[in-house]
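# Chains, contacts and geometry: an overview
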Amino acid sequence: MSQPVRGIRHQVAWTAVGSLVAGGGLFGGAVSAQEVLPATPEPFKGQVGLSVKDSRSDFPQPIQAPKGSPNVVLVILDDVGFGATSTFGGPCQTPTLERLARNGLRYTQFHTTALSSPTRAALLTGRYQDLVGVPGVIRTHANSSWGHLLPEATLLPVYLKKAGYKTAIVGKWHLGLESPNVPNERGFDHFHGFLGDMMDDYYSHRRHNINYMRLNGETIDPKGHATDLFTQWACDWLKTQKKGEPFFLYLAYNAPHTPIQPPKEWLAKVKAREAGIADRRAKLVALIEHLDDGIGKVLSCLKEMGLDQDTLVIFTSDNGGQTGVGANNGATRSGKGNVYEGGIRVPMAARWPGRIAAGGRTKRIALSMDIFPTVLEAAGTEIPTGLDGISFLPTLLGQQQPEPKRDLFFRRREGGQYKGKTIQAIRRGDWKLLENMPGAPRELYNLKTDPLERKNLAAAEPKMFKELDDALNAQLARYEAVPWQKPKK
Ligand SMILES: [Ca+2]
């Protein structure tokens, strides 16, 4: 593994195929990404970022960088698309997430990869999912499982532990079902949740009739709705924490993933409020609103402990909403499992009292894996070299941050109609090339002029098509070198 470096704000630069140039100690101090970039030949020819004015440019004063190490609470929702909640103008009433976003910074161009395990792998390693062995969803049965987290991949909590953090995961893990790929062996001091991809029932918590619920290494069989359990367990753990001793809580709910099973009182509330709402839709709305209420309880616990002022809270989702169960992904095309925007664009907001100015909104582009270096930088600790993710902490803190020059890649390996092959996409500035069915002709869109990805410009823009096609193929070739199946014994 690469050696970590300390105190480098923008330690990496990107080339079109994602190779890294470590700034390391050579640059020292807080060097801007712009200053670092010319260090290598620059094959990137596209525009940088969306050509929009950042709404944060009118912030009154830059906020000082943190002095102490904050606590970090990272809340991951399961299958919530960009436009689902009222936080981003959607129809579900999510006052907790709305308040959280209002008191911090909202991202309107935040992306994941297409599905659960890959997004979690990227987020917790700061690397593209395929480079850590997780191109698709990890499942119970080998013939439908498309990933095996590399043993040598080092996860975010490992680095935080080195910096003196207590680390906990509550809820969904989804990065392996057995040793060594279980949370307690990958950096988490405390694990209270389930190992699997989903539950077949929110009350029995079984998957394929197997109980994956754990308290650390112990199999447990608790009673109650999974959302309520995770809320309670998160609060239980927070109550063991002390002011001045930093912690990292990774709170990964499985709601509102299928099966769509809201508690009946929450369903009744939605139906009473929205006369004539379809039953299917009402259930999904209720499951999301119940989830929002749970997150509210966790934030209340944080406040009761007197910890909320010292805590960076980030919430996001692992992938877009599932349209087949009534999800609303806002003004995007398609949904979960696809590399159109509806599958890969998700809500994200971050709150840190006194550090992140309230009420901001940014159109800068970021990926889930960028959270990894962002959290380490916020913690004031070592950021390893060799990451694909780039810290967006300066943006959170209201500081000038050039849009990183990089291509963004999305990919999913899957069975069924995909026959074990992959779908993929590349984004460069406003341009996006994608292949949403293995082997299908690739489609080219300009997201600035065509955010709904309706007008395929593949034939009209052959030069751009070729550049992106070449860059995507080069990235896929990098991925080929990485094993993603469990080694045979
Ligand atoms: Ca998901």
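Predicted model, so just to flag it, every value in this text is computed and none were measured.

Moving on to the sheet that holds strand β17 (residues 408-413). Strand order in the open sheet formed by four strands is β17-β18-β19-β20, and the pairing between neighbours is antiparallel. Here the strands that pair on one side only, and so sit at the sheet edges, are β17 and β20 (443-446). Taken pair by pair, the neighbouring strands of this sheet meet at an average axis angle of 15°, ignoring direction.

With that out of the way, let us pick up the sheet that holds strand β4 (residues 71-77). Spatially, ten strands are ordered β11-β10-β7-β6-β12-β4-β13-β14-β5-β15 in an open sheet, and the strand pairing comes out mixed. The sheet is open, and its two borders are formed by β11 (218-219) and β15 (360-367), each paired with just one other strand. Summarising the sheet, strand β6 (residues 166-172) and strand β7 (residues 190-194) pair through five bridges and their orientation is parallel. From the neighbouring strand, Ala168 faces β7, where its bridge partner is His190.

The subject of this paragraph is the environment of Glu382. Tracing the backbone through its elements, the reader meets Glu382 in the loop between α10 (371-378) and β16 (383-384). Exposure remark for Glu382: the 18 C-beta atoms within 10 Å place this residue in the partly exposed category. For the pair Glu382 and Leu160, spaced 222 residues apart in the sequence, the C-alpha separation amounts to 8.7 Å.

Turning next to the pairing of strand β12 (residues 247-252). For a regular strand, side chains alternate in direction, first toward one face of the sheet and then toward the other. A large share of β12 lies buried, amounting to six of its six residues. Across five bridges, the pairing between β4 and β12 is parallel. Of the residues in β12, the one forming a bridge with Leu74 is Tyr250. Pairing analysis gives six bridges linking β6 to β12, with the strands arranged parallel. Looking at the pairing, Ile169 lines up with Tyr250 of β12.

What follows deals with α10. Counting along an α-helix, one turn takes 3.6 residues, and residues three or four places apart therefore face a common direction. In terms of residue burial, α10 counts as a mostly covered element, since eight of its eight residues are buried. Every buried residue of α10 is listed here: Ile371, Phe372, Pro373, Thr374, Val375, Leu376, Glu377 and Ala378. Buried residues along α10 sit against β4, α4 (116-125), α5 (156-162), β13 (311-317), β16 and α11 (393-396). Positive phi appears at Gly380, one or two residues downstream of α10, with a value of about 70°.

Further remarks concern unusual backbone geometry. The step from Ser179 to Pro180 runs through a cis peptide bond, and the omega angle for that step is 5°. Relative to the helices and strands, Pro180 resides in the loop between β6 and β7. The omega torsion of the bond from Thr258 to Pro259 falls at -5°, within 30 degrees of zero and hence cis. Secondary-structure assignment places Pro259 in the loop between β12 and α7 (264-273). The backbone phi angle of Asp79 is positive, close to 75°, even though this residue is not glycine. By the element assignment, Asp79 lies in the loop between β4 and α3 (95-102). Of note, the phi angle at His208 is positive, near 50°, even though the residue is not glycine. Secondary-structure assignment places His208 in the loop between β8 (206-207) and β9 (210-211).

Thresholds, definitions, all that
- Residues numbered from 1 in each chain as written.
- Predicted model: local features only at pLDDT ≥ 70, side-chain atom pairs only at ≥ 80, totals over all residues.
- Pairing = 2+ DSSP bridges.
- Helix = DSSP H or I, 4+ residues; strand = E, 2+ residues; numbered from the N terminus.
- Axes fitted to C-alpha atoms, helices over the stretch in contact; angles between N-to-C directions.
- Buried ≥ 20, exposed ≤ 12 C-beta atoms within 10 Å, placed from the backbone.
- Contact = placed C-beta atoms within 7 Å.

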